[in-house]
2 protein chains.
Amino acid sequence: MATIYDVAKKAEVGVGTVSRVLNGNPHVSPKTRERVLAAIAELDYQPHAVARSLATNRMNAIGVLVPYFTKHFFIEVLRGIQDVAHREDQGIFLYNVQKHEQKETYLARIPVERRVDGLIVITLRIREQHAARFIKGKLPVILVDSYNPVLPSLVVDNAYGALLATEHLLSLGHRKIAFINGLMRYHASRARRQGFEQAFAQEGIQPETSLIAETEFDRQGGWQAMAALWEAGHRPTAVFAASDLQAIGAMEFFQGKGIRVPEDVALVGYDDIEMAELLGLSTIRQPMYTMGAEAAESLLAGLPAAPAEEGWPRVYKPELVVRKSSGC
Amino acid sequence: MATIYDVAKKAEVGVGTVSRVLNGNPHVSPKTRERVLAAIAELDYQPHAVARSLATNRMNAIGVLVPYFTKHFFIEVLRGIQDVAHREDQGIFLYNVQKHEQKETYLARIPVERRVDGLIVITLRIREQHAARFIKGKLPVILVDSYNPVLPSLVVDNAYGALLATEHLLSLGHRKIAFINGLMRYHASRARRQGFEQAFAQEGIQPETSLIAETEFDRQGGWQAMAALWEAGHRPTAVFAASDLQAIGAMEFFQGKGIRVPEDVALVGYDDIEMAELLGLSTIRQPMYTMGAEAAESLLAGLPAAPAEEGWPRVYKPELVVRKSSGC
DNA sequence: CCTTCATTTGGAACCGCTTCCAAAAACAGT
DNA sequence: ACTGTTTTTGGAAGCGGTTCCAAATGAAGG
C-alpha cells in the first residue's frame, strides 16, 4: 500500500507538499500540484484514514446510538444522517443497543474511546450522569426524539400531533372519540393527552374521560384497551390511538367483532409505520428523515458540547396523513 | 487527557512496560504491574483507540455495507452482526447505500481507506473488479445474501424455500397453484422457479405454466400479476408469491374482487416481513439473524481474504411459517 | 543587477501507541 | 564469587499522516 512518502518521492517533492495538495491548501503552485496529482493517480494512493486521524485528532466519523426496537423510526432517521454524512465525507459508527446493559457500556465508553467526533442518540433517554461525562469529555452529543435539559435535542411536538389527529376526527363530526394513549410515564403520552384535550377545548367541549385508555404502545396494548372499553359498554364512533401498532390492535379487535372500519368506527393512528399505508390507516407522520439530516448537520457544524440554550430543544411539527380508516 | 507517557512517568517505569501491562503481556513482574495499574487508575487513563490502531494496524471494527431498500432483512442481519461484534469488542462501521453511485464510491474506498478490519456486504452484488481490489488489498469481505465466486458468501437455499411453500400447498390438496415469481434476471427467481417445479415433480405432476407470472418483487407487481392472471380467465385455488410484498399485492387484488383468503384461495408468501405476521400470511422465513452472526464470526475469526473453497458458499435452509392465509 | 517582500517548498517534530532489541536484573548452578 | 541462563525492563524506531519553521525560489521595484 502506497504511503505519502512514496507519493512524495515519485513526484519529487516533500511530504509537506503532498499533504498540502491532499488538503487543498492554496500554497502550492499549479505545476507542482499537477505532478503530485499525477503521482497520486499513478500509485492509486489513498491517505490512511487512521494516520490522518491521529495527526489531526479528528475521526471523520459520527456515532449513532440507537435502540433495536424502533426499527422504522431508526431507519428513516438514519437515512437522513447518512445523506448528510456521506455528503460531508464522514463515516457512521453504529452503536445498536439490544439489551439494556449495552446502552450503559456504550455510554460509558464512547466519550473516552473517542472513535467518533460526535454522537447522535436516537430515542434513548440519557441520564444526568452520562450527559455530564459527554460534556466533560467535550464530545458533542445530540438527541433525536429524546430530551435532556443539558444536551441539544430534536423533538417532535407530540401535543400538536395529537391535536391534529383529534381535530381531524372532530371535524368529521365525531364526538364520542376513544383515545388509546401510551402509559403516562412516557413524556410522549402526557403531551399527546394534552393535545387531545386541547382539540376538544377548541370546540368548546369536553372529552369523555372514560373513553381514555392507557396501555403499552404495542399491538396487544391496543387490542386490550379496545376490548376493555367495549366490554365496559362504550361505543365510540371514532378511535385515536397513540401509535399505529395500538391502532392495528384495535383494528384487529374490531375485525373480530365484525365491526367495520371506517364505516362503523373511524380510526386514526400515530407514527406512519410502513404497515399504515398498506392498511389504509390514517395517521400522524413525523419528519424523521429531516430530523436525522438536521441532527447530523448540527453535529458536523460543530455545535457546542453543552448548549441547550437559544433555540433548543428544536421542535418539529408532525403532519396528518389522511387515509381511508378515518372515513374521508 | 492522559497519555501512556504520563502513566509511565507516574509509575516510574518505561512506556514499554505500561504497554505490556495494558495488553496483558506476561513479562511483567507482579509488583511493577501493581504500580502501573495504580498509576492508570489515578490518572483515569484510557488508551487512545486511534493511536493503537495506527501502531497495530487493527481497527477493531468491521464494516457493514447495506442497501437502503432491504430494511427488514438488513435490520435482522445487523442484529446478528451486532451481537457478535459487541461480544468481541468490535465496532460497527455502517456504509448505507441509498444511491447507486454511493455503492461505487464505498467499494472503491473501503479497501484502501482501511477504517475496518473486514467488511460484510449485505444483498449487494459485487463485481469482479471490486472483488479483486478487496483480495489485492487483503481486506476480508464476506457476502450475506449475495454470491460471488471468489468471495466467501452466505446464501439462502431459494430452491428449497420455494419447494417448502409449494409442497405445503400441494399437501393441502391444491393443484391449480399460481406462482407469482420475481423477474428471471435475479438468481433468486430462477432458483425459486426450480423449487416450485421440483415440488410438483415429487408428486409426479406438472405445474401449469400459464399460471406462472414474473414481476417485480413489490406490491404493485403482485397486484398486477394477479390481475393479469385473473383477467386471462385463470382461477387458481392457491397462490405462491416469491415475496411477501407480492403476496400482499395479490391479497389486495382479491380484496377488491371480494375473494376471500384463505376460504376461496390459499396464499403463501416469502420473506416473513413484519407485516406477514400481522396479516396472517403463511410464508418462508430466512435465518437472517443467524447469517449475520455467523458472517461476523467468520470475519472476526480471520477468514482468508479469498477462500471460496471448501464449504463455501455456505448455504442456509429457510423454513416454512404456517399462518392462516394458507388455510390450515 | 541588487534588494525587498511574498510565495512556495522541504523536512523535522509530533500525534499516542506497539514492538523489538539490547541492557539490566534476577536467578541458578558450580 | 563467578559464570551462564532466564526474566524483566527501558526506550528507540516505527505506524502514516499534519503542521510548522526556515530555506529557497520568484516577482517586483529602483
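Residues numbered from 1 in each chain as written. Chains lettered and ligands numbered in written order. Predicted model: local features only at pLDDT ≥ 70, side-chain atom pairs only at ≥ 80, totals over all residues.

Broken down by element type, chain A carries 13 helices and 12 strands. Seen through its C-alpha atoms, chain A measures out along the principal axes to roughly 90 × 40 × 35 Å. The buried share among the 328 residues of chain A stands at 45%. At a minimum sequence separation of 6, the contacts of chain A that also span at least 24 residues come to 72%. (Helix = DSSP H or I, 4+ residues; strand = E, 2+ residues; numbered from the N terminus. Buried ≥ 20, exposed ≤ 12 C-beta atoms within 10 Å, placed from the backbone. Contact = placed C-beta atoms within 7 Å.)

This brings us to the interface of chain A and chain B. In this complex, chain A contributes 29 residues to the contact, which on the side of chain B involves 29 residues. Among the elements of the structure, α4 (49-56), α5 (71-87), β2 (91-97), α6 (100-113) and α12 (274-279) of chain A are those that each provide at least two residues to the side of chain A that touches chain B. Looking at the side of chain A that touches chain B, the element that brings in the most residues is α5(A), giving 7 residues. Residues of the side of chain A that touches chain B, tallied by class, amount to 14 nonpolar, 9 polar and 6 charged. Bridging between β2(A) and strand β2 (residues 91-97) of chain B involves 3 bridges; their strand directions are antiparallel. What sits directly across from Phe93(A), in β2(B), is Phe93(B). (Nonpolar A, V, L, I, M, F, W, Y, C, P; charged D, E, K, R; others polar. Pairing = 2+ DSSP bridges.)

Let us look at the protein's contact with DNA strand D. Close contacts around DNA strand D come from 26 residues, with Ile4(A), Ser19(A), Ala51(A), Gly14(B) and Gly16(B) the closest. Contributions of two or more residues to the surface near DNA strand D are made by α2 (15-22) and α4 of chain A together with α2 (15-22) and α4 (49-56) of chain B. A breakdown of the residues in the surface near DNA strand D according to their chemical character gives 13 nonpolar, 12 polar and 1 charged. (Near = placed C-beta within 6 Å.)

Residues and elements named next belong to chain B. Where helix α1 (residues 4-11) contacts helix α3 (residues 30-43), the axes come no closer than 9 Å and their chain directions differ by 125°. With respect to α3, the axis of α1 lies oblique. The element α1 and its partner α3 pack so that their crossing is right-handed. Two secondary-structure elements touch here, α1 through Asp6, Val7, Lys10 and Ala11 and α3 through Arg35, Val36, Ala39, Ile40, Glu42 and Leu43. (Axes fitted to C-alpha atoms, helices over the stretch in contact; angles between N-to-C directions. Parallel < 35°, antiparallel > 145°, perpendicular 65-115°, else oblique. Left-handed = near helix turned anticlockwise from the far one by under 90°.)

Time to look at the protein's contact with DNA strand C. Not every one of the 25 residues close to DNA strand C is listed here, only the nearest: Val13(A), Gly14(A), Gly16(A), Ser19(B) and Ala55(B). Those elements that provide at least two residues to the surface near DNA strand C are α2 and α4 of chain A together with α2 and α4 of chain B. Ranked by residues supplied to the surface near DNA strand C, first place goes to α4(B) with 5 residues. Of the residues in the surface near DNA strand C, the class split is 12 nonpolar, 12 polar and 1 charged.

Moving on, we come to the relation of the copies chain A and chain B. Overlaying chain A on chain B yields an RMSD of 0.8 Å, the required transformation being a rotation through 180° with an accompanying axial translation of 0.5 Å. Such a combination of rotation and displacement between the chain copies is what one expects of a two-fold axis. Taking C-alpha positions as the reference, the residue of chain A nearest the rotation axis is Phe93(A), at 2.5 Å. Both copies contact each other with a shared surface, as 97% of the interface residues of chain A are interface residues in chain B too. (Least-squares fit on C-alpha atoms with pLDDT ≥ 70 in both.)

So, about the domain arrangement of chain A. Entries for chain A in the domain assignment read domain 1 (4-47), domain 2 (60-156 + 288-317) and domain 3 (158-286 + 320-326). Each of domain 1 of chain A and domain 3 of chain A has a C-alpha centre, and these two points are 63 Å apart. (Domains from an automatic or database assignment.)

This part takes up the nonpolar core. With 86 residues, the main nonpolar core has Ile62(A), Val64(A), Ile120(A), Ile62(B), Val64(B) and Ile120(B) as its most contacted residues. Ile62(A) has contacts with Ala85(A), Gln90(A), Ile92(A), Phe93(A), Val116(A), Asp117(A), Gly118(A), Leu119(A), Ile120(A), Ala296(A) and Leu299(A), leaving out every residue within four places of it along the chain. Residues Ala199(A), Ala247(A), Val268(A) and Phe196(B) belong to the second largest nonpolar core, which totals 82 residues. (Core = buried A, V, L, I, M, F, W, Y, C linked by C-beta atoms within 7 Å.)

In this section: the confidence of the model for chain A. When pLDDT is averaged along chain A, the result is 92, and 98% of the positions lie at 70 or above. Across chain A, element-level confidence peaks in strand β8 (residues 238-241) of chain A with a mean pLDDT of 98 and bottoms out in α12(A) with 86. (pLDDT = per-residue confidence, 0-100.)

Moving on, we get to the sheet that holds β2(B). The pairing of strands in a sheet comes from backbone hydrogen bonds and takes either a parallel or an antiparallel form. With respect to topology, 12 strands assemble into an open sheet ordered β11(A)-β5(A)-β4(A)-β3(A)-β1(A)-β2(A)-β2(B)-β1(B)-β3(B)-β4(B)-β5(B)-β11(B), the strand pairing being mixed. Looking at strand neighbours, the two that pair on one side only are β11 (314-316) of chain A together with β11 (314-316) of chain B, the edges of this open sheet. Averaged over all adjacent pairs, the angle separating strand axes in this sheet is 20°, with direction ignored. Sheet topology note: the strand β5 (residues 153-156) of chain B/β11(B) ladder contains 3 bridges and is parallel. Bridge pairing in β11(B) places Val156(B) opposite Tyr316(B). In this fold helix α6 (residues 100-113) of chain B packs onto β1 (61-67), β2 and β3 (118-122) of chain B, with an angle of close to 145° to the strand it touches most, β2(B).

Within a regular strand, the side chains alternate between the two sheet faces. All names here are of chain B. By the alternation rule, side chains of strand β4 (residues 141-144) split into Val141 and Leu143 and Ile142 and Val144, which are all buried. In terms of strand pairing, β3 meets β4 through 4 bridges, oriented parallel. Residue Ile120 lies in a different strand from β4, and its bridge partner there is Ile142. Pairing between β4 and β5: 2 bridges, direction parallel. Considered in β5, the bridge of Val144 is made with Leu154.

Attention now moves to the sheet that holds strand β6 (residues 177-181) of chain A. All names here are of chain A. Read across the open sheet, the 4 strands follow the order β7-β6-β8-β9; overall the sheet is parallel. Looking at strand neighbours, the two that pair on one side only are β7 (212-214) and β9 (266-268), the edges of this open sheet. Taken pair by pair, the neighbouring strands of this sheet meet at an average axis angle of 15°, ignoring direction. With 3 bridges joining them, β6 and β7 adopt parallel strand pairing. When the sheet's bridge partners are listed, Ile180 is paired in β7 with Ala213. Set on the sheet, helix α9 (residues 187-202) makes contact with β6, β7 and β8; between it and β6 the angle comes to about 165°.

In this section: α3(B). Residues and elements named next belong to chain B. Here α3 contains 14 residues, and its C-alpha end-to-end distance of 20 Å stays within 8% of the 20 Å for a straight helix at 1.5 Å per residue. Those residues of α3 lying buried are Val36, Ala39 and Ile40. Around the axis of α3, the buried residues are gathered within 100° of arc, so they sit on the same side. Along α3, exposed side chains directed more than 90 degrees from the buried face belong to Pro30, Lys31, Ala41 and Glu42. With its phi angle positive at about 55°, Asp44 sits one or two positions after the end of α3. (Expected span 1.5 Å × (residues − 1). Arc of directions from axis to C-beta.)

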